[in-house]
Amino acid sequence: MTSALPEFEDWLRATVERTTSVLDELLPDPGDSDPAHLHAAMRYAVLGPGKRVRAALVMAAGEASRSAGGPPDVLDVALDNAAAAVELVHAYSLVHDDLPCMDDDDLRRGQPTVHRRYGEALAMLAGDALQPLAFDCLAQMPIAPALVVQAVQLLARAAGSDGMVGGQAVDCAHAGRTMSMAALQQMHRMKTGALLEASVLLGGVVAGASSTVRTGLEAYALAMGLAFQVVDDILDVTGDAGTLGKTPGKDAAHDKPTYVSTLGLDDSRDLLASLHEQAKTALLPLGPSARRLHELSDFIIGRSS
Ligand code: GRG
């Protein structure tokens, strides 16, 4: 089912470049629009060397759904917009997460965090401004208005208090406290998983996925959303700043409950293998059109940064 890696790498590189160029076009240019310093901070936050995993999930899910019967035209533009929108929300979350009132981090994507470079107030405002830009981007998708509304609702719910921001609030409240495995899983499903899940589902919605495909995408997205965080927790213990592009060991330094602190390293790796298996099984009914989703699961599980 999975293809040889070089071909996947070419696809991923092209997807990253494509999304980065859509974002570059979309973000206001500080050279000809005020407030220039805010626009410069927004561009710095978004255009740094992120992996663009969420954009790739949108594209791969779109590909799986399109060949399963979705509308063929204008889809590329709509998927570009959906991919850019999730990356804007993701970038805002990283900017805010790095602020002194949250993780107080100096390094992100291998460069100084936005507040280190532009100051705390501007970093907060840059994150704030990225959120409405994301929804504006979805609103411009050239697809049926009912699908646009579904997409907006999907992203809003994933990013809000039932999703990413809610998960972050639970995380902040648990520094220095232990958590049951069930509570930890729920927190991570909200904090990290919700946006990754939304990325997969957005690709499906935009490309008009059938209900069989949607069911497969939902199960895949749930497993991969959790798996992403397990990898992150393992890398926080085993990775180095040069490879990660961010400061390792922050979870332990902030006394945060993680998969590794709750389960230990070996059991965290076993959990990861089981989530990977679940994700792959979920894709079986989708057949060959889900090839990129399979490959992305291998990439996300095997990542070192
Ligand atoms: C502050 C509103 C708010 C939310 C913060 C997602 C999040 C919630 C915080 C990010 C902190 C963090 C490191 C979470 C672990 C998983 C994660 C989101 C890692 C970063 O995502 P990558 O690896 O980053 O996809 P790149 O830079 O490649 O885009």
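None of these values were measured; they are calculated from a predicted model. Throughout, a residue's number is its position along its own chain's written sequence, starting from 1. At least 70 in pLDDT is required for a residue's local features to be given in this predicted model, at least 80 for side-chain atom pairs to be given and counted, and no such filter applies to totals for whole chains, interfaces and linings, which use all residues. Only hydrogens and water are set aside when side-chain values are computed; all heavy atoms of the structure are taken into account.

A few words now on the packing of aromatic side chains. Any pair of Phe, Tyr and Trp rings, taking the six-membered ring for Trp, is counted once the centres come within 6.5 Å. Such a pair is stacked with planes under 30 degrees apart, edge-to-face with planes over 60 apart, and tilted for the rest. Scanning the entire structure with this criterion turns up three aromatic pairs. These aromatic residues form a ring-pair network of at least three members: Phe8, Trp11 and Phe299. Two limits define a charge over a ring: the Lys NZ or Arg CZ must be within 6 Å of the ring centre, and within 35 degrees of the ring normal. The cationic tip of Arg54 hangs over the ring face of Phe228; the distance from NZ or CZ to the ring centre is 5.1 Å.

With that settled, consider the packing of helix α3 (residues 53-66) against helix α15 (residues 291-302). The angle between the axes and the distance between the axes are what describe a pair of packed helices. It is the contact of α3 with α15, at a shortest axis distance of 9 Å, that shows an interaxial angle of 155 degrees. Between α3 and α15, the interaxial angle falls into the category roughly antiparallel. Contacts from Val53, Ala56, Leu57, Ala60, Ala61, Glu63 and Ala64 in α3 reach Arg292, Leu293, Leu296, Phe299 and Ile300 in α15. Residues are sorted three ways: Asp, Glu, Lys and Arg are charged, Ala, Val, Leu, Ile, Met, Phe, Trp, Tyr, Cys and Pro are nonpolar, and all the rest, Gly among them, are polar. When grouped by side-chain class, the residues that make up the contact of α3 with α15 number ten nonpolar, no polar and two charged. A fitted line through C-alpha atoms serves as each axis, taken over the contacting stretch for helices, and the angle formed by two N-to-C directions is quoted from 0 to 180°. Helix and strand labels come from DSSP, where a helix needs a run of H or I of at least four residues and a strand needs a run of E of at least two; each type is numbered from the N terminus. Just so you know how the angles are binned, under 35 degrees is roughly parallel, over 145 roughly antiparallel, 65 to 115 roughly perpendicular, and the rest oblique. It only takes one pair of heavy atoms within 4.5 Å for two residues to be counted as in contact.

Looking now at the nonpolar core. Of all hydrophobic cores here, the largest spans 92 residues; its most connected members are Leu57, Leu130, Met141, Tyr220, Leu293 and Leu296. Discounting residues that sit within four places of it in the chain, Leu57 has contacts with Leu196, Ser199, Val200, Tyr220, Leu293, Leu296 and Ile300. Only buried residues count toward a nonpolar core. Its members are Ala, Val, Leu, Ile, Met, Phe, Trp, Tyr and Cys residues joined through side-chain atoms within 4.5 Å. Using a 1.4 Å probe on the protein chains alone, a residue whose accessible area is under 20% of its type maximum counts as buried, one over 50% counts as exposed, and one in between counts as partly exposed.

The omega torsion across Asp34 and Pro35 is -5 degrees, close enough to zero to call that bond cis. Tracing the backbone shows Pro35 in the loop between α1 (5-26) and α2 (36-47). Residue Arg52 is not a glycine yet carries a positive backbone phi of 60 degrees. With respect to the helices and strands, Arg52 occurs in the loop between α2 and α3. One non-glycine residue, Arg109, lies in positive phi territory at about 55 degrees. Positionally, Arg109 belongs in the loop between β1 (107-108) and β2 (111-112). For Arg109, a relative accessible area of 16% translates into the label buried.

Nearness of a residue to a molecule or strand requires only that one of the residue's heavy atoms be within 4 Å of it. Near the ligand lie 20 residues; those nearest to it are Lys51, Arg54, His90, Asp97 and Arg109. Here Arg54 contributes a side-chain N or O atom positioned 2.7 Å from an oxygen atom of the ligand. Counted as a polar contact is a pair of N or O atoms within 3.5 Å, where, for protein atoms, one must be capable of donating a hydrogen and the other of accepting one, and residues adjacent in sequence contribute only when both atoms are in side chains. Between the ligand and His90, the relevant distance is 2.7 Å, taken from an oxygen atom to a side-chain nitrogen or oxygen of the residue. Reported accessibility uses the Shrake-Rupley method at a 1.4 Å probe radius. Residues are deemed covered only where the shown protein chains occlude them. Relative to its free-state accessible area of 700 Å², the ligand is covered by the protein chains to the extent of 93%. Grid points spaced at 1 Å and placed over the protein atoms alone form the basis of the search, with a cavity being a set where a 1.4 Å probe fits but cannot get out and a pocket an open set showing protein on both sides within 12 Å along at least five of seven lines. Lining residues have an atom within 4 Å of a point. Occupancy of a cavity or pocket is assigned to a molecule whenever over half of its atoms lie within 2 Å of that pocket's grid points. Under a 2 Å grid-point criterion requiring more than half of the atoms, the pocket assigned to the ligand is the largest pocket. Only α4 (75-98), α8 (164-173), α9 (181-206) and α10 (211-238) provide two or more residues apiece to the shell around the ligand. Counting residues per element, the shell around the ligand draws most heavily on α4, at six residues.

Moving on to the packing of α10 against α15. Remark: α10 packs on α15, axes separated minimally by 9 Å, with the N-to-C direction vectors making an angle of 15 degrees. In terms of axis orientation, α10 runs roughly parallel to α15. In this structure, α10 crosses over α15, and the sense of that crossing is left-handed. Contacts between α10 and α15 involve Leu217, Tyr220, Met224, Ala227, Phe228 and Val231 from the former and Leu293, Leu296, Ser297, Ile300 and Ile301 from the latter. Its residues placed into classes, the contact of α10 with α15 shows ten nonpolar, one polar and no charged. Whether a crossing is left-handed or right-handed is set by the direction in which the near helix is turned from the far one by less than a right angle, anticlockwise for left-handed and clockwise for right-handed.

For Asp80, the position within the fold is in helix α4. Judged by its relative accessible area of 11%, Asp80 falls in the buried class. Within polar-contact distance, the side chain of Asp80 engages the side chain of Arg18 at 2.7 Å. With residues near it in sequence (within four places) discarded, Asp80 still touches Arg18, Val22 and Met59.

On to the confidence of the model for the chain. A score between 0 and 100, pLDDT records how confident the predictor is in each residue. The pLDDT averaged across the chain works out to 92; a share of 96% of its residues lies at or above 70. Within the model, pLDDT remains below 50 along residues 1-6, and this stretch shows twelve contacts once partners closer than five positions in the same chain are excluded.

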